[in-house]
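# Summary of the model geometry
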Amino acid sequence: MSSQILALHRNFLEGRDDPVSLVERIQEKQPLVQAQTNAFISVDFERARNTAQAAWKRFRQGQPLGPLDGIPVGLKDLFETQGVLTTAGSRILRDYRPQRDAAVVERLRAAGANVDIGKLNLHEFAFGPTSTSSYFGPVRHFAKPDRMAGGSSGGSAVVVGAELLPAALGTDTGGSIRIPAALCGIAGFKPTYDVVSREGVIPLAWTLDHVGPLARSVEDIVLVLEAISHPRTGNIDQLRAKSLIPPRRIFWPQGPQWEALDRDLNRRFEESVEQWIRLQPGMEVVRGPLPDVDRIRAAQLVIIGAEAANYHWRWLKERPWDYQPDVRERLVSRSTYLAVQYIEALRTRTELMQTYHAWFQKGEYDAIILPTVPVYAPELTVHTLEGYDHEPADIRNLLVWFTSLFNLLGLPAVTIPTALNAEGLAVNVQVVGDYGQDLAILALAHRWQRLVEEG
């Protein structure tokens, strides 16, 4: 899929379009998208129009700041914005107006991006993968309003999937960028841990939180990532050059726990992967189990529970009924870990990060490929499905099955759509790389998107 951002940029340069007209088109379409999806918590088109006018002035003077100048980028309502409501989808912060922008918002403004259109709905305090629990109401799928958009960055995925905004920012603690991206059939990227600043982002679990972009194309992911990351991760020219190099060795996990639970989804996923492999002559595919998965899941559970409980401790004691019920229940139930358990989980994390880096290097793997989610976008009212042990399983635990591993490890991971089922719901593949190999796996995903388009 070609870059929507670069197409808009060219039109601005050539005078066929302008940032102000773009904001006006978004303003005209936004009420319908909002009525269908509830993607926004707040909007400010007057402020967005003023930002667009400043960008258009720079274009008329021949001094655009770069490819993001005048481009609308949505913000999940965890990112602090100076003087603008930042609610985290919660009653607790419904009147919170920060005194400064988050670091990534500052970087986007410096690149000319228009981040003023509105703030996007999410699972309250990002503690859930469904986006069905928000003080402002659930986020609904843009194409199937009776289904989940995924979470916690549900609003961010919806506005991109509905083609209202070309890109949006989300956060990812257990899959909260990749899950909604997969359910909505777009691209979503979780960078290597600490590549993007978390300063000014309301935390869920700071050891596991990642900030990253959602867009329809990998090219647009890279354009946003280049603006917000530190150190710089690469640019479009480098992406295109790298995407011409076929992968050499890929690891594809094997076994029942690495298959999607939905049989149709799993069949289509495997067909997509096998077709992609056929188009990569000379590439070696290694099948087998990933190392230490049970230890990863156990440490992830302790860290997210302990750190979330720490951040919310005062509110949990003083105003517990202001939380959404499921979020309150998760915070309370996970606030009982001992300090010794938390410290041991952190030590395990460090050990496993070293283990996986050595595993990548020894196997000479370019990437791991696996599903992003085990089911198609579930209906909004679904709470449990049959799990991997054939017993009823919480949908929240199932949705993070393939994603949360890589938050504990801090590895870069991208999801891209590769097919649609008969109902128009997306089949997505997840591509995971070694530490610091952000551009390399994005190039691989970009190559995959091109091959899918070419049939």
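Residues numbered from 1 in each chain as written. Predicted model: local features only at pLDDT ≥ 70, side-chain atom pairs only at ≥ 80, totals over all residues. Heavy atoms only, no water.

For side chains bearing opposite charge, pairing can occur when the charged atoms are close. Counted according to the given criterion, the structure contains 27 salt bridges. Note that Arg47 and Asp116 form a salt bridge whose closest N and O atoms lie 3.4 Å from each other. Here Arg47 is found in helix H3 (residues 45-60), whereas its partner Asp116 is found in the loop between helix H4 (103-110) and strand S3 (118-120), with 69 residues between them in sequence. Using a relative accessible area of 8% as the deciding quantity, one classes Asp116 as buried. Note that Asp264 and Arg267 form a salt bridge whose closest N and O atoms lie 2.9 Å from each other. (Salt bridge = Lys/Arg side-chain N within 4 Å of Asp/Glu carboxyl O. Helix = DSSP H or I, 4+ residues; strand = E, 2+ residues; numbered from the N terminus. Buried < 20%, exposed > 50% of the residue type's maximum accessible area, 1.4 Å probe, protein only.)

What follows deals with the pairing of strand S4 (residues 167-172). The buried fraction of S4 amounts to 6 of the 6 residues, a majority that puts the element mostly inside the structure. Burial of the side chains of S4 extends over both faces: Ala167, Leu169 and Thr171 are buried on one face and Ala168, Gly170 and Asp172 on the other. Pairing between strand S2 (residues 73-76) and S4: 3 bridges, direction parallel. Following the sheet pairing, Leu75 is matched in S4 by Leu169. By the bridge criterion, 6 bridges tie S4 to strand S6 (residues 210-215) in an arrangement that is antiparallel. In the sheet register, Ala167 faces S6, and the bridge partner there is Ala215. (Pairing = 2+ DSSP bridges.)

Right, let's get into the environment of Glu80. Residue placement: Glu80 occurs in the loop between S2 and H4. Of the residues examined, Glu80 reaches a relative accessible area of 16% and is grouped as buried. Considering only alpha carbons, one finds Glu80 and Asn421, 341 residues apart in sequence, at a separation of 38 Å. Those residues in contact with Glu80 that lie beyond four places of it in its chain are Thr86, Tyr96, Pro98, Arg100, Asp101, Ala102, Val105 and Gly200. Polar contacts involving the side chain of Glu80 include one to the side chain of Tyr96, which spans 2.6 Å. (Contact = heavy atoms within 4.5 Å. Polar contact = N/O pair within 3.5 Å; in protein donor to acceptor, adjacent residues only side chain to side chain.)

The next thing to look at is the packing of aromatic side chains. How two aromatic rings sit relative to each other is given by the distance of their centres and the angle of their planes. Under the definition given, this model contains 15 aromatic pairs. Summarising the aromatic geometry, the rings of Phe12 and Phe59 are spaced 5.5 Å apart at their centres and angled 75° between planes, so their arrangement reads as edge-to-face. Residue Phe12 is found in helix H1 (residues 4-14), and its partner Phe59 is found in helix H3; the two are separated by 47 residues along the sequence. You'll find Phe12 and Phe59 in the same group, each marked buried. (Phe/Tyr/Trp six-rings, centres within 6.5 Å; stacked < 30°, edge-to-face > 60°.)

Another point: the packing of helix H2 (residues 19-37) against H3. Where H2 meets H3, the closest approach of the two axes is 7 Å, and the angle between their N-to-C directions is 155°. Considering their axes alone, H2 and H3 lie roughly antiparallel with respect to each other. Seen from H2, the contacting residues are Pro19, Val20, Val23, Glu24, Ile26, Gln27 and Gln30; seen from H3, they are Phe45, Ala48, Arg49, Ala52, Gln53, Ala55, Trp56 and Phe59. The residue makeup of the contact of H2 with H3, split by class, is 10 nonpolar, 3 polar and 2 charged. (Axes fitted to C-alpha atoms, helices over the stretch in contact; angles between N-to-C directions. Parallel < 35°, antiparallel > 145°, perpendicular 65-115°, else oblique. Nonpolar A, V, L, I, M, F, W, Y, C, P; charged D, E, K, R; others polar.)

Now for the environment of Ser131. Following the sequence through the fold, Ser131 ends up in the loop between S3 and helix H5 (154-161). Separated by 98 residues in sequence, Ser131 and Val33 have C-alpha atoms that sit 16 Å apart. The contacts of Ser131, once residues within four sequence positions are left out, are Leu122, His123, Pro138, Val139, Gly150, Gly151, Ser152, Ser153 and Gly154. Only 2.8 Å separates the side chain of Ser131 from the backbone oxygen of Gly150, close enough to count as a polar contact.

The next thing to look at is the pairing of strand S7 (residues 249-253). Moving residue by residue along a regular strand, the side chains alternate between the two faces of the sheet. Here S7 lies mainly inside the structure; 4 of its 5 residues are buried. Two elements, S7 and strand S8 (residues 284-288), share 5 bridges in a ladder whose sense is parallel. Considered in S8, the bridge of Pro253 is made with Gly288. In this sheet, strand S9 (residues 367-371) lies alongside S7 in parallel orientation, the contact comprising 2 bridges. Bridge pairing in S9 links Ile250 to Ala367.

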